[in-house]
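As a plain string of letters, each chain reads:
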Amino acid sequence: MRRTVNVIRLQLINKGTFVWYPLMILGAATVISILIYAMIPVDTPKYGGGGQAPLWYFFAIGLSAMTLTFPFSQAMSITRREFFFGTMLTAIIGSALMGVLFLIGGGIEVATNGYGVNGYVFYLPWLWDAGPLGAFIVYFTLALFFFVVGFTGATIYKSWGQLVLLIVGIGLTLLLVGLVFLATRLELWPHVGAAINDLGALGLALWGLLITAVLTGVSFLAFRRAIP
């Protein structure tokens, strides 16, 4: 366990990757969103997706955690298992902290009536329907999901090369397009919309955690073949 904790410390040596860059992106997205809200001449609540920016950045963090830090870890005699679980624990901690920041941001928006311009970056009603805990799970899941996707993609690349990664990407795209085609031809979109409304943001987040767990398992299996 001590060596796994050392992997967390290794990932956090460059604090810009896990700490300062996400905070800078979050701060910039918030300021830009407020300025845009202030220019919109309406009194109704204004909602935007600028807060997604640091969550998408977790995809890049997942890539760098594998491609940049993994080779260095092997030079320090850290086992693959220790590196994998230590890295995932780091991602969980970072995602949880991001979720807390989004909750704080939502509280500030409610207390200040949307920064005085009735504009909201964090407090999006549909995401907060299940309360603060539900909103935290949503934000936590999104950050962790993007990290695992990036880490898994980098692991496949390190294990089997660019061709296999390209084939996997094309295959997943075709699968998604095929599902959209079937839903359209069979006129299932009303049922899909109803299912999404029934699940709500929290239900979708819980399914997202399940998908993230599956991807983590795939990444762990591929990681054993990864070349530093």
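Look a little higher up for the structure.
Quick caveat, the model's predicted, so the values are computed rather than measured. Counting starts from 1 at the beginning of each chain's written sequence and moves along it residue by residue. Whole-chain, interface and lining totals are the exception, using all residues; otherwise, since this is a predicted model, local features are given only for residues with pLDDT of at least 70 and side-chain atom pairs are given and counted only at 80 or more. To get the side-chain values, take all heavy atoms of the structure and skip hydrogens and water.

A. Up close: the packing of aromatic side chains. Ring pairs shown here join Phe, Tyr and Trp side chains whose ring centres sit within 6.5 Å, with only the six-membered ring taken for Trp; geometry is labelled stacked below 30 degrees between planes, edge-to-face above 60, and tilted in between. Summed over the entire model, instances satisfying the criterion amount to 19 aromatic pairs. Ring geometry for Phe18 against Phe147: centres 6.2 Å apart, planes inclined by 40°, an arrangement best described as tilted. Of the two residues, Phe18 is situated in helix α2 (residues 15–39) and Phe147 in helix α8 (residues 131–160); the sequence distance between them amounts to 129 residues. Owing to a relative accessible area of 9%, Phe18 belongs among the buried residues under this scheme. With a relative accessible area of 0%, Phe147 lands in the buried category. On the numbers, 5.8 Å between centres and 10° between planes, the contact of Phe83 with Phe223 is stacked. Of this pair, Phe83 sits in helix α5 (residues 80–111) while Phe223 is found in helix α10 (residues 189–223), placing the two residues 140 residues apart along the sequence. Three or more aromatic residues joined by ring pairs make a cluster, and in this case those are Phe18, Phe70, Phe83, Phe84, Phe85, Phe147, Phe151, Phe220 and Phe223. Put simply, DSSP marks the helices as runs of H or I at least four residues long and the strands as runs of E at least two long, and each gets a number from the N terminus on. Accessibility here uses a 1.4 Å probe with only protein chains present; expressed as a share of the type maximum, an area under 20% marks a residue as buried, one over 50% as exposed, and anything in between as partly exposed.

Honestly, that's just the spatial picture; any functional story needs more than this.
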